[in-house]
Amino acid sequence: MLTFQKNLRSEPIFKPIPPEIFDYLKQSAPREPLGAEKTYQEFLDKILKHHGSYLQSPKTLAMVLASSTPFAALSDMWMAGLNGIPGNPKMGISANLELQVISWFKEVLGYPKDSSGILGSGGSMANLIGLTVGRNVKAGYNVKEEGIKEKFTFYGSTEMHSSIQRALEQMGIGSKYLVRIPVDDEYRINVSQLKSKVAEDVSKGYKPLCVVGNAGSTNTGSFDDLNALADYCDEEGLWFHVDGAFGAWAALSLKYKHLTDGMERADSLAFDLHKWMFLPFGIGCTLVRDGDAHYFTYSTHADYIAHEDRWLVDYGVELSRPFRALKAWMSIKENGFNKYGRIIEQNIEQTQYLAKLVKASSSLELLAPFPLNVVNFRYVKDGLDVKQLNDLNQRIVDTIRLGGDYFIYSSKIGEKVSLRVCVTNHRTTRRDLEGLVDEIHKVGKALASP
Ligand SMILES: Cc1ncc(COP(=O)(O)O)c(C=O)c1O
């Protein structure tokens, strides 16, 4: 495993899966034991051999991904080896360790000390938990018992992550009642349009419950004016949820901390550890200002797990849950928060460097501002219309991915298909970005030639 991590840079990101491996993976359920030794050998030959460096590669710059470290992998091994469930803080060290890392997050993100928190599988889960508490608090009756009885509406910008919609679908609110407010030129929610829309909805008989603010939107890394949203939610009695999946961690950088101003005023705050805190997948966190509301949303009684005091399971969706805190605790102790702040700053400045390379090229066009660690641009050629350019840029992304050296993903800025690059990897260097730009020029030129 350590050798694999050591060789991440030289491994192709994706390896083609040979047909015999596809066949191998269709074998029926094993009924008799193969034994640990042979199984391990099969893992080496059939799985690891075809795995590639995937999302940890310094040249993986797609979506918003996690790079991880050898020490974090070791902590994950211990998590599985101990296999405890962090539950009752009066009994287990694992629950107390979870409370400790959550208190660190509050401290470094400037969130109130007396708030509650829970670790979960990632940003989607963290958003679901925050929004569910918000729904229960603002509904004005016991939704837990009575279900949805009114037309509740939730608001955010057109840049909200899709996990917000998925959360509302799961919560019985319905995606139709998630209102997407337009953004300004910097991809920040238009607060006056938000206000008018909420007023209009109230007059039509809807019951607005919550506003979602972006602290680092997925598509462009934009931050809403979180103070303006917090003021408005205070005035209107709305729940203020902030999705800071990766952007919340900009608070660790002295230079970029100001971007997150107002985030600490959220009623609930969701963020990941497996993005810009460089941990292996499967760890996110929700903080909730009103710990009682958080507790009442998730606590329930069952005779076989009866307890009077508050356990961690009373704050989230999962009952059996892994000892996730360990990997956060070990890596944060190993590195200290300041080092994370420096790497985050490094990633932001690498992004600015990439944007500079884009601006310097007559074949590339920047498509959106880049306040954080995400740049959207496209390859251009005279004489091509939007549709042809969209097609060309999509083919550039696909060709680069198949080439195995770099992994970027496309997105859209308005009607334009973009080459979207997001830097959340501590292993990425400026030379990697120069190489990417060379690759885009090479592939773009080849595909655009008649
Ligand atoms: C802003 C934002 N929110 C939420 C999520 C969902 O997080 P996860 O993939 O950890 O469930 C993402 C994922 O990229 C994101 O960028």
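See the structure above.
Residues numbered from 1 in each chain as written. Predicted model: local features only at pLDDT ≥ 70, side-chain atom pairs only at ≥ 80, totals over all residues. Heavy atoms only, no water.

A word on the sheet that holds strand β2 (residues 152–157). Reading across the sheet, the 7 strands line up as β1-β7-β6-β5-β4-β2-β3 and stay open at both edges, with mixed pairing between neighbours. Edge strands, defined here as strands with exactly one partner in the open sheet, are β1 (116–120) and β3 (178–181). Recorded for the sheet is a direction-independent mean angle of 20° between the axes of neighbouring strands. Judged from the 3 bridges that link them, strand β5 (residues 239–243) and strand β6 (residues 268–272) form a sheet pairing that is parallel. Paired with histidine 241 across the bridge in β6 is serine 268. The strands that helix α10 (residues 226–236) touches are β4 (207–214) and β5; relative to β5, the one it contacts most, it runs at about 160°. (Pairing = 2+ DSSP bridges. Helix = DSSP H or I, 4+ residues; strand = E, 2+ residues; numbered from the N terminus. Axes fitted to C-alpha atoms, helices over the stretch in contact; angles between N-to-C directions. Contact = heavy atoms within 4.5 Å.)

Despite not being glycine, methionine 63 shows a phi value in the positive range, around 40°. By secondary structure assignment, the location of methionine 63 is in the loop between α3 (36–47) and α4 (70–82). For serine 68, which is not glycine, the phi torsion reads 65° and is therefore positive. By the secondary structure assignment, serine 68 is in the loop between α3 and α4. Judged by its relative accessible area of 5%, serine 68 falls in the buried class. (Buried < 20%, exposed > 50% of the residue type's maximum accessible area, 1.4 Å probe, protein only.)

Now for the layout of surface pockets. Of the pockets and cavities examined, the largest pocket occupies roughly 680 Å³. In terms of lining residues, the largest pocket is bounded by 23 residues, among which Met1, Phe4, Leu48, His51 and Gln56 are the most central. Of all the secondary structure elements, the ones that give two or more residues to the lining of the largest pocket are α1 (2–6), α3 and α4. Of the residues in the lining of the largest pocket, the class split is 13 nonpolar, 7 polar and 3 charged. In this structure, the second largest pocket is lined by 26 residues; those nearest its centre are Met63, Val64, His161, Thr218 and Lys275. Elements with a minimum of two residues in the lining of the second largest pocket: α6 (123–138) and β10 (409–413). Per-class residue counts for the lining of the second largest pocket are 7 nonpolar, 14 polar and 5 charged. (1 Å grid on protein atoms, 1.4 Å probe; cavity = no way out; pocket = protein on both sides within 12 Å on 5 of 7 lines; lining within 4 Å. Points joined across faces, edges and corners; volume = space filled by probe spheres on them. Nonpolar A, V, L, I, M, F, W, Y, C, P; charged D, E, K, R; others polar.)

Another aspect to go through is the site of the ligand. In the vicinity of the ligand, 15 residues are found, and the nearest of them are Gly123, Ser124, Thr218, Asp243 and His274. Note that an oxygen atom of the ligand is positioned 2.9 Å from one of the side-chain N or O atoms of threonine 218. Contact between the ligand and lysine 275: an oxygen atom at 2.9 Å from a side-chain N or O atom of the residue. In this structure, the ligand is accommodated by the second largest pocket. Take the shell around the ligand: its biggest share by element is 3 residues, from α6. Of the residues contributing to the shell around the ligand, the split by class is 3 nonpolar, 9 polar and 3 charged. (Near = heavy atom within 4 Å. Polar contact = N/O pair within 3.5 Å; in protein donor to acceptor, adjacent residues only side chain to side chain. Sits in = over half its atoms within 2 Å of the grid points.)

Okay, the environment of glutamate 98 next. Among the structural elements, glutamate 98 can be located in helix α5 (residues 93–109). The class for glutamate 98 is buried, based on a relative accessible area of 0%. Separated by 225 residues in sequence, glutamate 98 and phenylalanine 323 have C-alpha atoms that sit 8.0 Å apart. With residues up to four places along the chain from it excluded, the contact list for glutamate 98 reads Pro86, Ile118, Leu119, Leu312, Arg321 and Ala325. At 3.0 Å, the side chain of glutamate 98 forms a polar contact with the backbone nitrogen of leucine 119.

The strand order β8-β9-β11-β10 describes an open sheet built from 4 strands, whose pairing is antiparallel. Both outer strands of the open sheet, β8 (364–366) and β10, are each paired with one neighbouring strand and no more. Strand-to-strand twist of the sheet, defined as the mean angle between neighbouring strand axes without regard to direction, takes the value 45°. Bridge analysis of β8 against strand β9 (residues 374–379) gives 3 bridges, and the strand direction is antiparallel. Across the sheet, residue leucine 366 finds its bridge partner in β9, namely phenylalanine 377. Running over the sheet, helix α15 (residues 430–448) touches β8, β9 and β11 (416–422) and is turned about 30° from β9.

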